[in-house]
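Observations on chain architecture
Listed below, chain by chain, are the residues.
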Amino acid sequence: MAKTKTIVAQSDITAGQMEDFWRKVKDGTISGSCLDSFLRNPSRFNPISLTLVRATRILGSGKVLSTEQATKAWGLPNPGETLIRYSEEDLREAAEENKTGADWRLVYFSGQSLREQHAKRGDNPESQPCFYKSWDWWLKSKEDEWANRKPVPGYYLLDFRGRFGRTSWDRQNEEIVKLGSNFERTHEAVVTEAAMSFFMTTGERLLGDFYHWGPSETSNGLRVRVGCFDENGWCVGSYRNPGYVGSDSSLRVCLSRKFRS
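Described in the following lines is the structure provided in the data block. Values in this document were obtained by computation on a predicted structure and should not be read as measured data.

What follows concerns the packing of aromatic side chains. Counted according to the given criterion, the structure contains 13 aromatic pairs. Every member of this aromatic cluster is reached through a ring pair, and the members are Tyr86, Phe109, Tyr156 and Phe259. The ring of Phe198 carries the charged tip of Arg105 above its face, separated from the ring centre by 4.8 Å. The ring of Tyr211 has Arg225 sitting right over it, with the charged end atom 4.4 Å from the ring centre.

In structure tokens, the structure reads:
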């Protein structure tokens, strides 16, 4: 007669945690690569990161642009699976804010500088998206320091609503500080590439009637502004000194959430 083998194990795992585990397997939060990594080396701590599938379920397909989509749009090599350096809670908060007027989106940024983006897209209105031809001041050598800067590539959580118009650059910073240490004024190269990536992928024209007032400083001490994206192209301009208090509602801020790691 065959013996029955009984396995008795002690664990702190609750039934609710098990249910949550299988939910994450089903919706893609725990991906095949995560499981494979664990099975190959279960003794190593391997935190499960947020997957693109889960991010899309939270924000909605129209609010997410993948590595594959962005690199294809720009004709760049696909680096493969890219870590999303945000938590599920970060995206849930963004999704809730979207219900009340925000426009948080998760988009892959390849790391191109503004100059590199210009080299690829040019300034011909017949080939959209393009840069606004008449504003070419930033292509001159004296603007090299900031125009050639390459922010860190990866997935960025950006709010394209545009906030804090009709005030100074300094006061905008004060408003950003009030939101907490998790938010910052996005680099102009990130906003530009992301907006063009969406246009090339979906046809949507972001920042159509306002500028993102960025962190970069020009050779003569002004702050860079980008946007007002219409059929003539994407504008790269500059505006006044940071302390100027104006009434221009078109000078706004596209926030980004800082990476978790």
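And the narrative resumes.
Core analysis: the largest hydrophobic core is formed by 50 residues, its most contacted members being Leu91, Leu106 and Trp234. Looking at this core element by element, the count peaks at eight residues for helix H9 (residues 188–202). Of all hydrophobic cores here, the second largest spans seven residues; its members include Trp169, Tyr211, Tyr239 and Leu251.

What follows concerns the pairing of strand S6 (residues 223–230). With seven of its eight residues buried, S6 lies for the most part within the structure. Bridge count for strand S5 (residues 211–217) against S6 is four bridges, and the pairing is antiparallel. Its bridge partner being in S6, Tyr211 is matched across the sheet by Gly227. The antiparallel pairing of S5 with S6 creates a hairpin that spans five residues between the two strands, and Gly221 there sits at a positive phi of about 85°. Where S6 folds back on strand S7 (residues 233–239), the antiparallel hairpin that results is connected by two residues.

With that settled, consider empty space enclosed by the protein. As enumerated under the stated definition, the model contains two cavities of 30 Å³ or more in all. For the largest cavity, the calculated volume is near 40 Å³. Around the largest cavity, the lining residues are Asp90, Glu93, Ala94, Glu97, Trp104, Leu157, Phe183 and Arg257. Looking at which element gives the most residues to the lining of the largest cavity, the answer is helix H5 (residues 88–98), with four residues. Of the residues that constitute the lining of the largest cavity, the class distribution is four nonpolar, no polar and four charged. Around the second largest cavity, the lining residues are Thr167, Trp213, Tyr239, Tyr244, Gly246, Ser247, Asp248 and Leu251. When grouped by side-chain class, the residues that make up the lining of the second largest cavity number four nonpolar, three polar and one charged.

What counts, and where the lines are drawn
Residues numbered from 1 in each chain as written. Predicted model: local features only at pLDDT ≥ 70, side-chain atom pairs only at ≥ 80, totals over all residues. Heavy atoms only, no water. Phe/Tyr/Trp six-rings, centres within 6.5 Å; stacked < 30°, edge-to-face > 60°. Lys NZ or Arg CZ within 6 Å of the ring centre and 35° of its normal. Core = buried A, V, L, I, M, F, W, Y, C linked by side-chain atoms within 4.5 Å. Buried < 20%, exposed > 50% of the residue type's maximum accessible area, 1.4 Å probe, protein only. Helix = DSSP H or I, 4+ residues; strand = E, 2+ residues; numbered from the N terminus. Pairing = 2+ DSSP bridges. 1 Å grid on protein atoms, 1.4 Å probe; cavity = no way out; pocket = protein on both sides within 12 Å on 5 of 7 lines; lining within 4 Å. Points joined across faces, edges and corners; volume = space filled by probe spheres on them. Nonpolar A, V, L, I, M, F, W, Y, C, P; charged D, E, K, R; others polar.

Function cannot be read off these values alone, since they describe shape.
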